[in-house]
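Reading the structure
Each chain, written out:
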Amino acid sequence: DAGVTQSPTHLIKTRGQQVTLRCSPKSGHDTVSWYQQALGQGPQFIFQYYEEEERQRGNFPDRFSGHQFPNYSSELNVNALLLGDSALYLCASSSRLQGSDTGELFFGEGSRLTVL
Amino acid sequence: TQLLEQSPQFLSIQEGENLTVYCNSSSVFSSLQWYRQEPGEGPVLLVTVVTGGEVKKLKRLTFQFGDARKDSSLHITAAQPGDTGLYLCAGVFQGGKLIFGQGTELSVKP
């Protein structure tokens, strides 16, 4: 049973470019959340997708957008990259049936983005 | 604004010592979770505490949720080098959104 898988694992971009990160949730999970983790910090919530719609959003600008597909996989897009966007981007999946307030989140290993 | 304050941020101890990590907030959470993250990996859930005053044990780890559901602590007894890692507390808001603390980097030396 595959857990949460993310791709790519590492990538380097330059300022102003655009990036797309991908996530496949754990089997049986229908909800995907994205987090940004800067070096030495805890993860920060970007947004959450369920039933192909953005359900919650953290304090991130519109340059950050996402999508969820019918098979529950998800993409995170970041436009007009800034140096400060360099971080580990984590995808986490969960199941609505478990109950969103106490259900376990399963995290992927993350995509390490470096913006030069 | 950092809703969850973890302390200490860094902790370096010898094998066999005990330690406590604190997680404090001015907000009330429906539940609070503790995660452990190793380099190059995503966080892994250790425990979820839901009820004020709740105490949960996981082998040598003891987790406590404050009576007012605003703070929590993680106590490790007889730490081992395998306990080394980043420990994160996270408040759970309705809908499953997590607010993480900045983490406690623990290093246990043999």
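Just above, that's the structure.
What comes next concerns the included structure. (Residues numbered from 1 in each chain as written. Chains lettered and ligands numbered in written order. Predicted model: local features only at pLDDT ≥ 70, side-chain atom pairs only at ≥ 80, totals over all residues. Heavy atoms only, no water.)

**Considering the interface of chain A and chain B**
Each partner contributes to the interface: chain A provides 22 residues, whereas chain B provides 24 residues. Here chain A and chain B share an interface that buries about 1,700 Å² over both sides, 51% of which is from carbon and sulfur atoms. Put simply, chain A and chain B have 0 salt bridges between them. Here chain A is connected to chain B by 3 residue pairs in polar contact (both at pLDDT 80 or more). Those elements giving two or more residues to the side of chain A that touches chain B turn out to be β4 (31-37), β5 (44-50), β6 (53-57) and β9 (87-94) of chain A. Looking at the side of chain A that touches chain B residue by residue, the class counts come to 7 nonpolar, 10 polar and 5 charged. (Contact = heavy atoms within 4.5 Å. Buried area = accessible area lost by both parts, 1.4 Å probe. Salt bridge = Lys/Arg side-chain N within 4 Å of Asp/Glu carboxyl O. Polar contact = N/O pair within 3.5 Å; in protein donor to acceptor, adjacent residues only side chain to side chain. Helix = DSSP H or I, 4+ residues; strand = E, 2+ residues; numbered from the N terminus. Nonpolar A, V, L, I, M, F, W, Y, C, P; charged D, E, K, R; others polar.)

**Some words on the pairing of β4 of chain A**
When a strand is regular, its side chains alternate between the sheet's two faces. Residue and element names in this part refer to chain A. Burial of β4 is extensive: 7 of the 7 residues sit out of reach of the surface. By the alternation rule, side chains of β4 split into Thr31, Ser33, Tyr35 and Gln37 and Val32, Trp34 and Gln36, which are all buried. For β4 and β5, the ladder comprises 6 bridges, and the chain directions are antiparallel. Bridging from a neighbouring strand, glutamine 36 pairs with glutamine 44 of β5. Turn length for the β4-β5 hairpin, with the two strands adjacent in sequence and antiparallel, is 6 residues, and the turn residue glycine 40 shows positive phi of about 80 degrees. The pairing of β4 with β9 spans 7 bridges and is antiparallel. When the bridges of β9 are listed, tryptophan 34 appears paired with cysteine 91. (Buried < 20%, exposed > 50% of the residue type's maximum accessible area, 1.4 Å probe, protein only. Pairing = 2+ DSSP bridges.)

**Regarding the state of the cysteines**
Residues and elements named next belong to chain A. According to the stated counting rule, one finds 2 disulfides over all chains in the structure shown. Between the sulfur atoms of cysteine 23 and its disulfide partner cysteine 91 the distance amounts to 1.8 Å. Taking the sign of the S-S torsion, -60 degrees for the link of cysteine 23 and cysteine 91, the bridge is left-handed. Here cysteine 23, found in strand β3 (residues 19-24), pairs with cysteine 91, found in strand β9; they are 68 residues apart in sequence, far enough to count as distant. The buried category is assigned to cysteine 23, whose relative accessible area is 2%. (Disulfide = S-S within 2.5 Å.)

**Describing the pairing of strand β1 (residues 4-7) of chain B**
Residues and elements named next belong to chain B. Across the two faces of β1 the burial differs, with Leu4 and Gln6 buried and Glu5 and Ser7 not buried at all. Bridging between β1 and strand β3 (residues 19-25) involves 4 bridges; their strand directions are antiparallel. Bridging from a neighbouring strand, serine 7 pairs with tyrosine 22 of β3.

**Thoughts on the pattern of salt bridges**
Residues and elements named next belong to chain A. Throughout the structure, instances matching the rule amount to 7 salt bridges over all chains. The salt bridge partner of glutamate 54 is arginine 57, with a shortest N-O separation of 3.1 Å. Looking at glutamate 54, the relative accessible area reads 35%, which means it is partly exposed. With its nearest N and O atoms 2.9 Å apart, the salt bridge here joins aspartate 85 to arginine 63. Remark: arginine 63 occurs in the loop between β6 and β7 (64-68) and aspartate 85 occurs in the loop between β8 (74-78) and β9; sequence separation between them is 22 residues. Residue classification places aspartate 85 among the buried residues on the basis of a relative accessible area of 4%.

**Points about the sheet that holds strand β7 (residues 61-65) of chain B**
All names here are of chain B. Pairing is antiparallel in the open sheet, where 5 strands are placed in the order β1-β3-β8-β7-β6. Two strands close off the open sheet at either side, each with one partner strand: β1 and β6 (55-58). On average, each strand axis in the sheet is tilted by 15 degrees relative to the strand beside it, whichever way the strands run. Here 5 bridges tie β7 to strand β8 (residues 71-76), and the two strands are oriented antiparallel to one another. The residue of β8 that forms the bridge with phenylalanine 63 is leucine 74. (Axes fitted to C-alpha atoms, helices over the stretch in contact; angles between N-to-C directions.)

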